[in-house]
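Reading the structure
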Amino acid sequence: MAGMRIVHIITGLSAGGAEMMLYNLLSRTHRDRFYPIVVSLMDRGMLGDRISVLDIPVYTLGMQPGMLPTPDILWKLIRTLRQLQPNFIQGWMYHGNLAAYFASRFFAPKVPVVWGIHHSIAQLDAEKQMTQAIVKLSAKISHSPKKVVFVSQTSKAQHEAIGYCQQNSCVIPNGFDTTRFQPSSQARSEVRTTLGLAADTLLIGLFCRYHPMKDHANFFHAAALLTKKYANVHFLLAGTDVTLANQDLQQLIRIERSQVHLLGERSDIPQLMAALDIATLASAYGEAFPLVVGEAMACSVPCVVTDVGDSKWIVGDTGKVVPPKNPQALADAWQALIEIGSSKRTALGKAARTRIQENFALDPIVAQYQALYA
């Protein structure tokens, strides 16, 4: 094993934002300097095999979703880490951070630990009770990691306000692969053909898992308002449990079903993203630095986002920012981008891609992590 051995401990390897950022980081890590290893507290998820293809070992511990790491899981983790002999441990998300902290206590000398926080907390009492408990416990021990990395300025301020240590924290935003996510007129036409849509159909997209935080109710309420004025608008959604089989989601749809395309989990998100006229983040809370916004912008797609986490900072003046849980505001912002016409939307999209390239390109973000490790 050449280079510094870095073990990344993460809750699971689904296709969420933090998990994708880990994958992006691993894909660009300098392997002559660093030897990365991934430990998933749960299973291999969607990304385990993709990480293995990078020639990076992936270990799984079998923790059940929604649970805290049990003594058995922690003991498995300690045994695994003793086998791996890391020089450095990085936690990802609350469970991964806690597991990294407790496991490191069984090493002498202690292995340096970094935490990664990918969630924002506008109101702690709005979170699940288990999340509240983990956040409060983490705040009490937050002085112990060598560094706490927040992906969001908003998240850093919110966590410090509820007791997180201020002396060892920093912000490293998420980074975006602008070669993987880029504009494509071919994708635009192919996706419409696949969906059986006319070439001039307006496509508004929402790509995220089905979860209360993502507020699909807000999205579909706004869609109902918009379709009263525009007949040629269709809505493209993808993500875990975003399918017709999801009865709860079906009940939220307030418009003609023929105008809604529910694609579930997909591996071709860059192509789907590049086909959109407008990308949307409708979330009510919890977002820190949502990857989906930067990915759409890298595809030269203007975005309408709710003002959660650092969404406003990401978009800048290249899209629209609206209050969360306000479907009228969301519909009005969509309408404003429709009314400016195709050429002005294209110009906004180009400005959005330039903003990502200049501020949030993946390689400079990876360089910040590697400087931290070094």
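Shown above is the structure to which this text applies.
First, a word on what this report is: a plain description of the structure on this page. (Residues numbered from 1 in each chain as written. Predicted model: local features only at pLDDT ≥ 70, side-chain atom pairs only at ≥ 80, totals over all residues. Heavy atoms only, no water.)

Quick look at the pattern of salt bridges now. One pass over the full model with this rule turns up eight salt bridges. Among the salt bridges present, the one from Arg 188 reaches Asp 277, with a minimum N-O distance of 2.9 Å. Pair noted here: Arg 188 is in helix H7 (residues 185–195) and Asp 277 is in the loop between helix H10 (269–274) and strand S11 (278–281), with a separation of 89 residues, a long-range link. Owing to a relative accessible area of 28%, Arg 188 belongs among the partly exposed residues under this scheme. Look at Asp 277 and you get buried, because its relative accessible area is 7%. Because the salt bridges share partners, they merge into one network encompassing Arg 28, Asp 177 and Asp 363. (Salt bridge = Lys/Arg side-chain N within 4 Å of Asp/Glu carboxyl O. Helix = DSSP H or I, 4+ residues; strand = E, 2+ residues; numbered from the N terminus. Buried < 20%, exposed > 50% of the residue type's maximum accessible area, 1.4 Å probe, protein only.)

Here we come to the side chain of His 159. Note on placement: His 159 falls in helix H6 (residues 153–161). Judged by its relative accessible area of 0%, His 159 falls in the buried class. A polar contact of 2.7 Å, which involves the side chain of His 159, links it to the side chain of Tyr 94. If we skip the residues at most four places from it in the chain, His 159 touches Tyr 94, Ile 117, His 119, Ile 121, Phe 150 and Tyr 164. (Polar contact = N/O pair within 3.5 Å; in protein donor to acceptor, adjacent residues only side chain to side chain. Contact = heavy atoms within 4.5 Å.)

Examined against the element boundaries, Arg 5 turns out to sit in strand S1 (residues 4–10). Through-space distance from the C-alpha of Arg 5 to that of Arg 33 is 9.1 Å; in sequence the pair is 28 residues apart. Those residues within four positions of Arg 5 in sequence are excluded, and the remaining contacts are Tyr 35, Leu 84, Gln 85, Pro 86, Asn 87 and Phe 88. Within the structure, the side chain of Arg 5 is placed 2.7 Å from the backbone oxygen of Gln 85, a separation counted as a polar contact.

On to the packing of aromatic side chains. Scanning the entire structure with this criterion turns up 14 aromatic pairs. Ring geometry for Phe 219 and Phe 220: centres 5.4 Å apart, planes at 85 degrees, overall edge-to-face. Of the residues examined, Phe 219 reaches a relative accessible area of 0% and is grouped as buried. Taking the relative accessible area as the measure of exposure, Phe 220 reaches 0% and is therefore buried. Relative to Tyr 373, the ring of Tyr 369 lies with its centre 6.4 Å away and its plane at 40 degrees, an arrangement referred to as tilted. With Tyr 369 and Tyr 373 both in helix H15 (residues 362–373) and four residues apart, this pair spans about one turn of that helix. Given a relative accessible area of 6%, Tyr 373 falls into the buried group. Members of the aromatic cluster, each reached through a chain of ring pairs, are Phe 34, Phe 88, Trp 92, Tyr 369 and Tyr 373. (Phe/Tyr/Trp six-rings, centres within 6.5 Å; stacked < 30°, edge-to-face > 60°.)

Take the packing of helix H1 (residues 17–28) against H15 next. Helix-helix packing is described using two parameters, namely the angle between the two axes and the distance between the axes. Direction vectors running N to C along H1 and H15 enclose 80 degrees, while the axes themselves pass 10 Å from each other. The pairing of H1 with H15 is recorded here as roughly perpendicular in orientation. Contact residues: H1 offers Met 21, Asn 24, Leu 25, Ser 27 and Arg 28, while H15 offers Leu 362, Asp 363, Ile 365, Val 366, Tyr 369, Gln 370 and Tyr 373. (Axes fitted to C-alpha atoms, helices over the stretch in contact; angles between N-to-C directions. Parallel < 35°, antiparallel > 145°, perpendicular 65-115°, else oblique.)

A few words on unusual backbone geometry. Despite not being glycine, Gln 85 shows a phi value in the positive range, around 50 degrees. With respect to the element layout, Gln 85 can be found in the loop between helix H3 (71–84) and strand S4 (88–92). Positive phi values are uncommon outside glycine, yet Lys 325 reaches one of about 55 degrees. Of the residues examined, Lys 325 reaches a relative accessible area of 62% and is grouped as exposed.

Distances and angles like these do not, on their own, reveal function.
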